[in-house]
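Understanding the architecture of this molecule
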Amino acid sequence: MTRTNHSPEFRTVGIDGLLVTFADRMAEDANRAALALRGEFEKRAWDGVEETSTSLASTYIRIDPTRSSLAEFVPRVQQLVRTRDWYDASLPPGRVLWRVPTVFGTELAPQLDEAAKIAGLTPGEAIKRLSQSRVRVLTIGFAPGQPYLGPLGAEFNIPRQKDLTPKVPAGALVMAISQFVLFAGPAPTGWRHIGQTAFRCFRPEMQNCFALNPGDEMLFHPITPDELDQIRENNSDGNGGATREEIVA
Amino acid sequence: MSLIVHRIGPSCTIQDLGRNGFLSQGLSRSGAADQIALHEGAALLGQSPACAALEMAGIGGEFEAGKDTQIALTGAPMQASIDGAAVPWNASHLLLTGQRLTLGSAVRGNYGYLHLGGGIDSDVFLGSRSVHLTANVGRAVQVGDILPSASSHGEAGFKLRPDDRFAGGELRVVASFQTALFDQETLNRFARTEFRRGQRANRMGMQLESDGEGFAAAGQLNILSEVITIGDIQMTGTGRPFILLPECQTTGGYPRIATVLPCDLSRAAQSPADCAIRFKFVSLEEATEIQAAHSVELARLPNRVEPLIRDPNDIPDLLSYQLIGGMVSATD
C-alpha cells in the first residue's frame with residue numbers, strides 16, 4: 001500500500017476531547033499510527049487524561065475539563081506527536097486470526113446481489129473475492145466489541161445507503177467503502193447486509209466480554225444456511241463455529 | 001430487599017452516572033439521560049450523585065416497600081401517590097414497609113427518576129450499574145423484580161425547586177471536528193432554524209425535524225467513520241439531525257455538525273415530541289466556562305434543599321393538570 005501523504009491533524013471534540021487524525025481516508029499506515037499513538041498515551045498515563053480510543057485513522061483523547069483545558073492540553077499533545085514518525089509504527093503484539101463461517105446472500109443477507117452489482121461483479125464473483133479477503137480489525141466501535149474490518153479491494157469502495165436499514169441482526173456482515181462491519185447486536189445501519197454469521201463480538205456474560213482487539217485479522221468462508229443453523233444449535237462459546245489462531249510476528 | 005415492582009412501564013431501567021472508559025471497545029457511556037436529575041435525587045436524600053436510580057421513560061409503575069425506605073422523585077414530573085394519597089414531585093418521602101408508591105405518566109418531559117435511600121444496589125458491570133439496552137448490558141425492569149437498596153442514613157421530607165428543562169428551548173453547542181465540513185451558509189441556516197423534536201427518540205438519540213431542505217456536508221456519504229461523543233448532532237443521509245444520547249454508538253460515518261454542551265443535554269433528553277428546539281453556537285472558551293459554572297451549581301444543590309411543607313397551596317404542577325382535565329370535561 002502507498003504511504004499516506006498527510007501530516008497529523010489536531011481537532012477538538014466537544015469541550016473535552018482531542019482528535020489526532022493521521023489520514024482523511026482509510027490507509028494501513030495511518031491505522032497503525034493511530035494505534036501506536038494511543039498505546040503511547042496508555043503508557044504515559046498523563047494526569048487529567050480520562051480515556052483514549054482509536055478510530056480508523058485517528059486517536060481520540062478525552063480529558064477531565066475540571067483539571068485541564070483543551071487550550072493547555074492541545075499544545076502538549078502536538079509536542080508529543082512531533083517526537084517521532086507514527087506512520088512507521090508496528091502493529092500491536094499478540095494478534096489473532098479468526099476464520100468465521102458465513103452465509104453470503106440468501107434471505108439471511110439480502111443485499112449481497114445489490115452490493116455485487118454496484119461493485120460491477122456477479123454475485124458469485126463477489127462472494128469469491130469477499131471470502132478470500134483476509135481483513136484486519138481496523139477499529140472497534142459503533143457498538144460494543146464491533147469491528148470495522150478492511151481494507152477490501154477497490155471494487156468494493158461503494159457508498160453507504162442514503163437511508164438507514166431499520167434493523168440487521170447480531171452477527172450480520174455488512175459492507176461499504178471497502179470495509180466490513182461485523183454487527184455485535186441488532187442495529188440500524190446505512191451499510192449493505194451481505195453476509196450472516198453466528199460470531200458474537202460482545203459476550204457480556206463472560207469474563208472476557210470483548211472477543212476482538214484492533215489488529216486482529218478475520219477471514220469469512222462461505223457456508224449454507226443449513227450449516228449456520230447447525231452452528232447456532234451449539235454456540236455456547238459465542239464463536240459461531242469460528243477457529244482462532246495466533247498470528248506469529 | 002427494598003422495593004417490589006408490581007407494575008412497570010415498558011422502558012424503565014436502572015441508571016447511574018454511566019460507565020466511562022470503554023470507548024475503545026465500542027461501549028458508550030450510558031447512564032441517566034437526565035444527569036441533573038441524579039444530582040437532584042442525591043441532594044434530596046443526602047447521598048452521592050453516583051448512586052443508581054430507576055429511570056422511567058414516559059410511564060412509571062407501582063412499587064411496594066419491602067422495608068422502610070426513603071425515596072426521592074425527580075426529572076419529568078409524574079402523577080405520584082403513596083397508598084392513594086398524592087405526594088409532590090421533586091421531593092423525598094418515607095415509604096413505610098408495605099406501603100405502595102404509584103407513579104403515572106409524565107405530565108411534562110420524558111424521563112422521571114425514582115431514587116432510593118442508599119441508591120439502588122444492583123449488579124455492577126465494568127464499574128457501573130447503568131443498563132445499556134442497545135449494547136445488551138442488563139435489561140429493563142419487569143414486574144416481580146425487586147429493587148434492592150443499600151442501607152441509608154438520610155432523612156426524607158425535603159423538596160427542591162428544579163430548573164425547568166422539560167419544554168425544549170435553546171441548546172448551546174460548540175463547533176466540533178466535523179463542523180467545517182458544512183459550508184457557512186448551511187451553518188447559519190442551522191443556527192436560525194427552529195427544530196421540532198421528532199417522534200423517533202430513545203436513549204440512543206433523538207430526531208429533529210424542520211421545514212425546508214436538510215443540512216448536508218460536502219461528500220458526506222463517503223466520510224471516514226469517526227469517534228462519536230454524547231451530545232453530537234449527527235446528520236443522517238437525508239440531512240436531518242439527530243442529537244446523540246447516552247446509549248449512542250461510539251463511531252459513525254454520518255457527519256456531526258456540532259456538539260451540545262453536557263450541561264444542556266438534560267434539557268435535550270427531556271424535550272417532549274413536537275416541542276421547539278433551537279441551537280446556539282458558543283465558543284470553546286465560553287462553553288468551558290458555562291460547563292464549569294454548571295458543575296458548581298450541581299455541587300450547591302444540597303444547600304438548596306428545603307423541608308417539605310404539606311400546605312395544599314404548595315402542591316406543585318400536578319394538581320393543576322388534574323384541574324385542567326376537569327375543566328375540559330365540564331365544557332363538553
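Residues numbered from 1 in each chain as written. Chains lettered and ligands numbered in written order. Predicted model: local features only at pLDDT ≥ 70, side-chain atom pairs only at ≥ 80, totals over all residues. Heavy atoms only, no water.

**Quick notes on the side chain of Ser92 of chain B**
Residue and element names in this part refer to chain B. With respect to the secondary-structure elements, Ser92 resides in strand β8 (residues 91-95). Taking the relative accessible area as the measure of exposure, Ser92 reaches 0% and is therefore buried. Once you skip the residues sitting within four places of it in the chain, Ser92 turns out to touch Leu44, Leu45, Ile71, Ala72, Glu155, Ala156, Gly157, Phe158 and Leu308. (Helix = DSSP H or I, 4+ residues; strand = E, 2+ residues; numbered from the N terminus. Buried < 20%, exposed > 50% of the residue type's maximum accessible area, 1.4 Å probe, protein only. Contact = heavy atoms within 4.5 Å.)

**Examining the environment of Glu213 of chain B**
All names here are of chain B. Counting through the fold element by element, Glu213 comes out in the loop between β15 (205-209) and β16 (226-227). For the pair Glu213 and Pro148, spaced 65 residues apart in sequence, the C-alpha to C-alpha distance is 50 Å. Setting aside anything within four residues of it in sequence, one finds Glu213 in contact with Arg189 and Arg240.

**Regarding the pairing of strand β5 (residues 69-75) of chain B**
Residues and elements named next belong to chain B. β5 sits mainly inside the fold: seven of its seven residues count as buried. Pairing geometry for β5 and β8, over five bridges, is antiparallel. Its bridge partner lying in β8, Ala72 is registered against Ser92. Pairing analysis gives five bridges linking β5 to strand β10 (residues 111-116), with the strands arranged antiparallel. Bridge assignment links Leu73 to a residue of β10, and that residue is Leu114. (Pairing = 2+ DSSP bridges.)

**Thoughts on the pattern of salt bridges**
Residues and elements named next belong to chain B. One pass over the structure, following the stated rule, counts 33 salt bridges over all chains. Across the salt bridge formed by Glu62 and Arg7, the nearest N and O atoms sit 3.1 Å from each other. In this pair, Glu62 is assigned in strand β4 (residues 61-65) and Arg7 in strand β1 (residues 3-8), connecting sequence segments 55 residues apart. Since its relative accessible area comes to 15%, Glu62 is described here as buried. Ionic pairing is found between Glu55 and Arg203, a salt bridge with its closest N-O pair at 2.8 Å. (Salt bridge = Lys/Arg side-chain N within 4 Å of Asp/Glu carboxyl O.)

**Regarding the interface of chain A and chain B**
In this complex, chain A contributes 45 residues to the contact, which on the side of chain B involves 40 residues. Taken over both partners, the interface formed by chain A and chain B buries close to 3,500 Å², and the fraction arising from carbon and sulfur atoms is 62%. Here chain A and chain B share zero salt bridges between them. For the interface between chain A and chain B, the tally reads 18 residue pairs in polar contact (both at pLDDT 80 or more). Counting residues per element, the ones that place at least two in the side of chain A that touches chain B are β1 (9-13), β2 (17-21), β3 (49-54) and β4 (58-63) of chain A. Across the side of chain A that touches chain B, the residue classes tally to 23 nonpolar, 13 polar and nine charged. (Buried area = accessible area lost by both parts, 1.4 Å probe. Polar contact = N/O pair within 3.5 Å; in protein donor to acceptor, adjacent residues only side chain to side chain. Nonpolar A, V, L, I, M, F, W, Y, C, P; charged D, E, K, R; others polar.)

**Comments concerning the pairing of strand β6 (residues 135-140) of chain A**
Residues and elements named next belong to chain A. Here β6 lies mainly inside the structure; six of its six residues are buried. Where β6 meets strand β13 (residues 217-222), two bridges bridge the pair, whose relative direction is antiparallel. Each bridged residue has a counterpart across the sheet, and for Val135 the counterpart in β13 is Met218. Pairing analysis gives four bridges linking β6 to strand β7 (residues 147-150), with the strands arranged antiparallel. Following the sheet pairing, Arg136 is matched in β7 by Gly150. Between β6 and the antiparallel strand that follows it, β7, lie six residues; Phe142 among them carries a positive phi value of about 75 degrees.

**Focus on the domain arrangement of chain B**
Where interface size is quoted, it is often the accessible area lost as the parts come together. Residues and elements named next belong to chain B. Each assigned domain of chain B is listed here: domain 1 (2-164 + 300-318) and domain 2 (169-295). The centre of domain 1, based on its C-alpha atoms, is set 28 Å off from the matching centre of domain 2. On the side of domain 2, 20 residues touch domain 1, which itself brings 26 residues to the contact. Note on domain 1 versus domain 2: buried area summed over both sides is about 1,600 Å², and carbon and sulfur give 47% of it. At the junction of domain 1 and domain 2, the tally comes to one salt bridge. Our enumeration of links across domain 1 and domain 2 arrives at 18 residue pairs in polar contact (both at pLDDT 80 or more). Those elements that provide at least two residues to the side of domain 1 that touches domain 2 are β2 (12-15), α1 (35-45) and β10. (Domains from an automatic or database assignment.)

**Here we look at the layout of surface pockets**
Taken as a whole, the largest pocket spans an internal volume of roughly 1,200 Å³. If you go around the largest pocket, you meet 48 residues; those closest to its centre are Asp16 of chain A together with Arg29, Gln35, Pro262 and Gln291 of chain B. Here the lining of the largest pocket takes seven residues from helix α4 (residues 284-300) of chain B, the largest share from any one element. Here the residues of the lining of the largest pocket are counted per class, giving 24 nonpolar, 17 polar and seven charged. (1 Å grid on protein atoms, 1.4 Å probe; cavity = no way out; pocket = protein on both sides within 12 Å on 5 of 7 lines; lining within 4 Å. Points joined across faces, edges and corners; volume = space filled by probe spheres on them.)

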